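# Observations on the model geometry
Spelled out from the first residue to the last, the chains are:
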Amino acid sequence: MGSEVIGWFSSFVLVLTIANQVYRQWRSGTSEGVSRWLFVGQITASTGFTFYSVLVDNWVFVVTNALMLLSALVGLAIVVKHRRAERRKSRRGTVPSDMSPARA
């Protein structure tokens, strides 16, 4: 029972930390410096770990990895949305203040 409590607590801390980071990325309105490949890798790993956790019947890790997969999907969607908005601004001739003209 004690090990389950440690597992669930650790899962809560990890998911809360990642969710906070994704929320800050969304709220900032920019994904500058964030690689979409980070999220592609996280999606791949979290999918594999979720299936593995089901196979070994470890519900702490099933829930944790499923939530990490969800956070990666949301994070990737935010990066794609921000990059599209940056491209649209660039085409209109306006460069966002946080971007160098060379990057636009």
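Structure: above.
Residues numbered from 1 in each chain as written. Predicted model: local features only at pLDDT ≥ 70, side-chain atom pairs only at ≥ 80, totals over all residues. Heavy atoms only, no water.

### Description of the overall build of the protein
Secondary structure summary: the protein contains 3 helices and 0 strands in total. Among the 104 residues that make up the protein, the fraction classed as buried is 26%. Within the protein, counting contacts between residues at least 6 apart in sequence, those at least 24 apart form 71% of the total. Element-wise, carbon and sulfur atoms account for 67% of the exposed surface of the protein, whose accessible area totals about 7,300 Å². (Helix = DSSP H or I, 4+ residues; strand = E, 2+ residues; numbered from the N terminus. Buried < 20%, exposed > 50% of the residue type's maximum accessible area, 1.4 Å probe, protein only. Contact = heavy atoms within 4.5 Å. Areas by Shrake-Rupley, 256 points an atom, 1.4 Å probe, with all protein chains shown as cover.)

### Focus: the nonpolar core
Of all hydrophobic cores here, the largest spans 5 residues; its members are F39, I43, A72, L76 and V79. If you list the elements that add at least two residues to this core, you get α2 (36-55) and α3 (59-91). Residues within four places of L76 in sequence aside, it is in contact with R36, F39 and I43. (Core = buried A, V, L, I, M, F, W, Y, C linked by side-chain atoms within 4.5 Å.)

### A word on the environment of S35
Looking at the secondary structure, you find S35 in the loop between α1 (2-28) and α2. When the C-alpha positions of S35 and V79 are compared, they lie 8.0 Å apart, and in sequence the two are 44 residues distant. A polar side-chain atom of S35 sits 3.0 Å from the main-chain amide nitrogen of W37. (Polar contact = N/O pair within 3.5 Å; in protein donor to acceptor, adjacent residues only side chain to side chain.)

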